[in-house]
Amino acid sequence: MKKFGTMLLALVMVLGLAACGGGDKPSGSDLKTVEPGKLHMSTNAEFPPYEMTTDSGGFAGIDVEVAEAIAKKLGLELVVDDMGFDAALTAVQTGQSDIAMAGITVTDDRLEVMDFSDSYATGVQVVIVKSDSPAVQSLDDLASAAMIGTQKATTGYIYCSDTPENGGYGEDHVIAFDTGALAVMALVNGQVDAVVIDNEPAKAYVNENPGLEILDTEFAVEDYAIGFAKGNTALKDAVNAAMKELKDDGTFQGIVDKYITAE
């Protein structure tokens, strides 16, 4: 009896330890996702260096590699669903994707229809102009600029198209394009006088198009986060926990350093 009691006590202790260890973070099998065993990420792969297509037809970028690392920690396989920026937000809201990552800024309006992870990066909105632009030499000139180009549904569009009373320039002075690249091409072709877009893709577009430059003054500073369907607390908590681990062990910074070099 004494020996049996000792074995029973040991078994209880082992089970207790297993229970404590297994409740820290849900595994992929514990999480409800669009497709069992997979983590669907909706994005707009027109936003270097956060997400972009490769020559082989795949996807690369900070958001893509971070999402892959998160999926791996959760025991899931990442699936990247490329679409328009506005569609990427809608996909996660309607349950067609599990997460949305596309350099997404947390705003009050978006918080009404989506949930967000903890912020994982800081984004800076800047203004691209032609180097010899007679219309725009500073942020103050945007108010009198004939036309400002932005990408559809982005915060750049939201800020610029707002009324002058709210700090914007009005919808009549803004053209929204499907991608940032199209907005920049419109600037090159003289269809718009400036483009408001995030700093990192702005640098890539300027490097690819001689004769363009970025104004020295920042247009806006904002936080990037991962989007979820409203009320999907289990997945949000699991992703936040995985992201924290990636930051703590240096994986996240290693991914960022791969794409953004210190200046």
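Below or above, wherever it landed, is the structure these notes cover. Remember, predicted model here, so these are calculated numbers, not experimental data.

Calculation rules
Residues numbered from 1 in each chain as written. Predicted model: local features only at pLDDT ≥ 70, side-chain atom pairs only at ≥ 80, totals over all residues. Heavy atoms only, no water. Phe/Tyr/Trp six-rings, centres within 6.5 Å; stacked < 30°, edge-to-face > 60°. Helix = DSSP H or I, 4+ residues; strand = E, 2+ residues; numbered from the N terminus. Buried < 20%, exposed > 50% of the residue type's maximum accessible area, 1.4 Å probe, protein only. Lys NZ or Arg CZ within 6 Å of the ring centre and 35° of its normal. Contact = heavy atoms within 4.5 Å.

What to know about the packing of aromatic side chains
Scanning the entire structure with this criterion turns up 5 aromatic pairs. Judged by centre distance (5.3 Å) and plane angle (90 degrees), the rings of Y50 and Y224 are edge-to-face. Note that Y50 is positioned in the loop between β2 (46-47) and β3 (51-53) and Y224 in strand β13 (residues 220-224), a separation of 174 residues in sequence. Judged on exposure class, the residue Y50 and its partner Y224 are both buried. Aromatic side chains Y159 and F219 sit 6.4 Å apart centroid to centroid with 40 degrees between the ring planes, which places their arrangement in the tilted category. Placement of the pair is Y159 in helix α5 (residues 155-161) and F219 in the loop between β12 (212-214) and β13, with a sequence separation of 60 residues. In this structure an aromatic cluster arises from ring pairing among F47, Y50 and Y224. In this arrangement the basic side chain of K247 is found over the ring face of F252, its NZ or CZ atom lying 5.5 Å from the centre.

Looking at the side chain of T150
Looking at where T150 falls in the secondary structure, it is placed in strand β9 (residues 148-151). When neighbours within four sequence positions are excluded, T150 is seen to be in contact with G156, Y157, C160, V174, I175, A176, F177, A183 and V196.

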